[in-house]
Amino acid sequence: MKRIFLLICFIGTVAVSAQEVKSNAPDSGIKFRLHPNPVYDGVVFVKSNYSTPRTIRIYDLFGKIVLERRTESERLFLGSLVPGVYMLQLQQKGELATKKLVIR
């Protein structure tokens, strides 16, 4: 069972990271922070180095989009998601960045 879970985590990480777009400039790029991570109360704050509107997509470990929001707020409500491991993808100014998100 443990091996199957690790295999699913690996496949999900590869599927989401294959969708990332890298910038050619060394200092440019979107950087963001998630807190709290792991999420306990259904709310996560997504802070990035840009203040422009953002699109946030959350993928399950099979690569399926389970939540997609276009927002200007740093606060994201995740009450509809069941506890587990997800990948959060942030898109701003045409750039993408991805981080692992854990919901407990």
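A brief structural summary.

Rules of the game
Residues numbered from 1 in each chain as written. Predicted model: local features only at pLDDT ≥ 70, side-chain atom pairs only at ≥ 80, totals over all residues. Heavy atoms only, no water. Buried < 20%, exposed > 50% of the residue type's maximum accessible area, 1.4 Å probe, protein only. Helix = DSSP H or I, 4+ residues; strand = E, 2+ residues; numbered from the N terminus. Pairing = 2+ DSSP bridges. Core = buried A, V, L, I, M, F, W, Y, C linked by side-chain atoms within 4.5 Å. Contact = heavy atoms within 4.5 Å. Axes fitted to C-alpha atoms, helices over the stretch in contact; angles between N-to-C directions. Phe/Tyr/Trp six-rings, centres within 6.5 Å; stacked < 30°, edge-to-face > 60°. Lys NZ or Arg CZ within 6 Å of the ring centre and 35° of its normal.

Section: the pairing of strand β1 (residues 32-35)
- Burial along β1 is one-sided: the residues Phe32 and Leu34 are buried and none of Arg33 and His35 is.
- Both β1 and strand β2 (residues 43-48) contribute to a ladder of four bridges, which runs antiparallel. For Phe32, the partnering residue across the bridge sits in β2 and is Ser48.

Comments concerning the nonpolar core
- Judged by nonpolar contacts, the single largest core of 19 residues is most densely connected at Val44, Val46, Ile58, Leu76, Leu78, Leu88 and Leu101.
- Aside from chain neighbours lying at most four places away, what touches Leu88 is Phe32, Leu34, Val46, Ile56, Arg57, Ile58, Leu76, Ala97, Thr98, Lys99 and Leu101.

Digging into the environment of Ala97
- In this fold, Ala97 is placed in strand β7 (residues 95-103).
- Sequence-wise, Ala97 and Phe32 are 65 residues apart; in three dimensions their C-alpha atoms are separated by 7.8 Å.

Quick look at the sheet that holds strand β4 (residues 65-71)
- Pairing within the open sheet is antiparallel, and its four strands lie in the order β4-β3-β6-β7. The sheet terminates laterally at β4 and β7, the two strands that pair on one side only. Each neighbouring strand pair of the sheet contributes to a mean axis angle of 20 degrees, computed without reference to strand direction.

Overview of the packing of aromatic side chains
- Here the structure, examined in full by the defined rule, presents zero aromatic pairs.
- The ring of Tyr50 has Lys93 lying over it, and the distance from NZ or CZ to the ring centre is 4.6 Å.

Read these as geometric descriptors, not functional statements.
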